[in-house]
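The primary structure of each chain is shown beneath.
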Amino acid sequence: MPEGAPTIKPIEEDAVHFLIRQVHAHPHQVTIFAGGPLTNIALAISIDPHFAELTQGIALMGGSLNPQTDDPEFSEAPRHEFNFWFDPEAAHIVLRALWPRIDVTTVDISIKARFTQVMIDAISKAAGPGNLAAQYIAKYSQERYYMWDELAAAAWLDPTLITKEKQVYMDVNITHGPTYGDTLTWTDQLRPQTQLQKVHAQLDLDLPRFQKMFVDLMSAPTPVFAQPTE
């Protein structure tokens, strides 16, 4: 990487057992945030069948319903989304687990939130010695793309950013064919007679408030955390 290799050492414990340990140490207090493929979450559920129900819920970026866009990646395959497609079996396991609540930041809403040059310019103005996040963005940000995970995290921190959602039963197609990994959804009336969970699928947002929230967070002074000793 142009900024150099990380200097913080990884812990010896793997991610799956870390998740399980933290949920058991703090039952019904932990919300799982998943901004990528769901392999580790599915493994935690497979090792500990009570993992999901011991949390407060899961907030994840994934899935696609009917995004309104000219972007051929989604207009040509509206149910195809990377995080679910990367490991469909994992997404299938996670979406069927007994979470107290499932919030899904879909492609439908993510494509409405682009990382703009105006936002980068505003953050760059705060890139002083005490703000490592702003320094990093000002120096290394190249892409002007959709803010997938940033939006999912912001909506978890402030659910009022979401102005429209759809509660549907959601699963992932695990049939090995052309639609492998596609998002599947059903209404109450049309759901199949199998174990499915209803999700809060986010569809629209208060974009100005989200943009301001993100710029403010990235412009704020970087907190100082104690580093673990060897």
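That block above? That's the structure.
Since we're looking at a predicted model, the values are computed, not measured.

A. Looking closely at the packing of helix H7 (residues 117-124) against helix H10 (residues 207-219). Across the interface, H7 lies against H10 with an axial gap of 9 Å and an inter-helix angle of 30 degrees. When the axis of H7 is compared with that of H10, the two are roughly parallel. Considering only the axes of H7 and H10, their crossing is right-handed. Between H7 and H10, the residues in contact are Met 119, Ala 122 and Ile 123 and Gln 211, Phe 214, Val 215, Met 218 and Ser 219, respectively. Here the residues of the contact of H7 with H10 sort into 6 nonpolar, 2 polar and no charged.

B. Broad picture of the nonpolar core. The biggest cluster of nonpolar side chains holds 32 residues, and the ones touching the most others in it are Ile 41, Phe 51, Ile 58, Trp 99 and Met 170. Counting residues per element, the ones that place at least two in this core are helix H1 (15-25), strand S1 (31-34), helix H2 (39-47), strand S2 (57-61), helix H5 (88-96), strand S3 (102-105), strand S4 (162-172) and strand S6 (197-205). Every residue in contact with Trp 99, bar those within four places of it in the chain, is listed here: Ile 32, Ile 41, Ile 45, Phe 51, Ala 52, Thr 55, Gly 57, Ile 58 and Val 94. Counting 19 residues, the second largest nonpolar core, distinct from the first, contains Ile 109, Ile 123, Phe 210 and Met 213.

C. Here's a closer look at a nonpolar patch on the surface. Nonpolar side chains collect at one region of the surface, where Phe 33, Trp 156, Leu 157 and Leu 217 lie side by side and expose about 400 Å² of accessible area between them. In this structure, Leu 217 sits in helix H10.

D. Inspection of the sheet that holds S1 at higher detail. Read across the open sheet, the 6 strands follow the order S1-S2-S3-S6-S4-S5; overall the sheet is mixed. The open sheet is flanked by S1 and strand S5 (183-186), the only strands paired with a single partner. Here the average twist between neighbouring strands, direction ignored, is 35 degrees. On the sheet, H5 packs against S2, S3, S4 and S6 and is oriented at approximately 110 degrees with respect to S4.

E. Region of interest: the packing of helix H9 (residues 148-157) against H10. For the pair H9 and H10, interaxial distance at closest approach is 11 Å and the crossing angle is 95 degrees. By the angle between their axes, H9 is roughly perpendicular relative to H10. Seen from H9, the contacting residues are Glu 150, Leu 151, Ala 154 and Leu 157; seen from H10, they are Phe 210, Met 213 and Phe 214. Looking at the contact of H9 with H10 residue by residue, the classes come out as 6 nonpolar, no polar and 1 charged.

F. Spatial organisation of the packing of aromatic side chains. By the definition in use, this model includes 11 aromatic pairs. For the pair Phe 115 and Phe 214, a centre-to-centre distance of 5.8 Å together with 85 degrees between the ring planes defines the contact as edge-to-face. On the criterion of sequence distance, the pair formed by Phe 115 in the loop between helix H6 (107-110) and H7 and Phe 214 in helix H10 is long-range, its members being 99 residues apart. Seen in terms of ring centroids, Tyr 136 and Tyr 140 are 5.0 Å apart; in terms of plane orientation they differ by 50 degrees. Their pairing is tilted. Of this pair, Tyr 136 and Tyr 140 both sit in helix H8 (residues 132-140), separated by 4 residues, roughly a single helical turn. Through pairs of rings, three or more aromatic residues link up here, namely Phe 74, Tyr 145, Tyr 146 and Trp 148. Seen from the ring of Tyr 169, Arg 191 lies directly overhead, with NZ or CZ sitting 4.3 Å from the centre.

G. Structural context of H7. Regarding H7, the residues found buried are Met 119, Ile 120 and Ile 123. All buried residues of H7 fall inside an arc of 100 degrees around its axis, so they share one side.

H. Expanded view of the environment of Glu 53. Take Glu 53: it is sitting in the loop between H2 and S2. The exposure class of Glu 53 is partly exposed, given its relative accessible area of 33%. Not counting residues up to four positions away in its chain, the partners in contact with Glu 53 are His 28, Leu 98 and Pro 100.

I. Main features of the side chain of Asp 48. Structurally, Asp 48 is set in the loop between H2 and S2. One buried charged residue, Asp 48, forms no salt bridge at all, with the nearest opposite charge on Arg 21 at 12 Å. Residue contacts for Asp 48: discarding those within four places in its chain leaves Ile 20 and His 24.

J. Summary view of the environment of Gln 197. Mapping Gln 197 onto the fold places it in strand S6. According to the relative accessible area criterion, Gln 197 is buried, its value standing at 16%. For the pair Gln 197 and Val 168, spaced 29 residues apart in the sequence, the C-alpha separation amounts to 8.3 Å. Other than its neighbours up to four places away in sequence, Gln 197 contacts Leu 95, Arg 96, Ala 97, Leu 98, Ile 102, Val 168, Tyr 169 and Met 170.

How each quantity is defined
Residues numbered from 1 in each chain as written. Predicted model: local features only at pLDDT ≥ 70, side-chain atom pairs only at ≥ 80, totals over all residues. Heavy atoms only, no water. Axes fitted to C-alpha atoms, helices over the stretch in contact; angles between N-to-C directions. Helix = DSSP H or I, 4+ residues; strand = E, 2+ residues; numbered from the N terminus. Parallel < 35°, antiparallel > 145°, perpendicular 65-115°, else oblique. Left-handed = near helix turned anticlockwise from the far one by under 90°. Contact = heavy atoms within 4.5 Å. Nonpolar A, V, L, I, M, F, W, Y, C, P; charged D, E, K, R; others polar. Core = buried A, V, L, I, M, F, W, Y, C linked by side-chain atoms within 4.5 Å. Buried < 20%, exposed > 50% of the residue type's maximum accessible area, 1.4 Å probe, protein only. Patch = residues over 30% accessible without salt bridge, like charges linked within 9 Å, V, L, I, M, F, W, Y side chains within 5 Å. Areas by Shrake-Rupley, 256 points an atom, 1.4 Å probe, with all protein chains shown as cover. Salt bridge = Lys/Arg side-chain N within 4 Å of Asp/Glu carboxyl O. Pairing = 2+ DSSP bridges. Phe/Tyr/Trp six-rings, centres within 6.5 Å; stacked < 30°, edge-to-face > 60°. Lys NZ or Arg CZ within 6 Å of the ring centre and 35° of its normal. Arc of directions from axis to C-beta. Lys, Arg positive; Asp, Glu negative; His and termini not counted.

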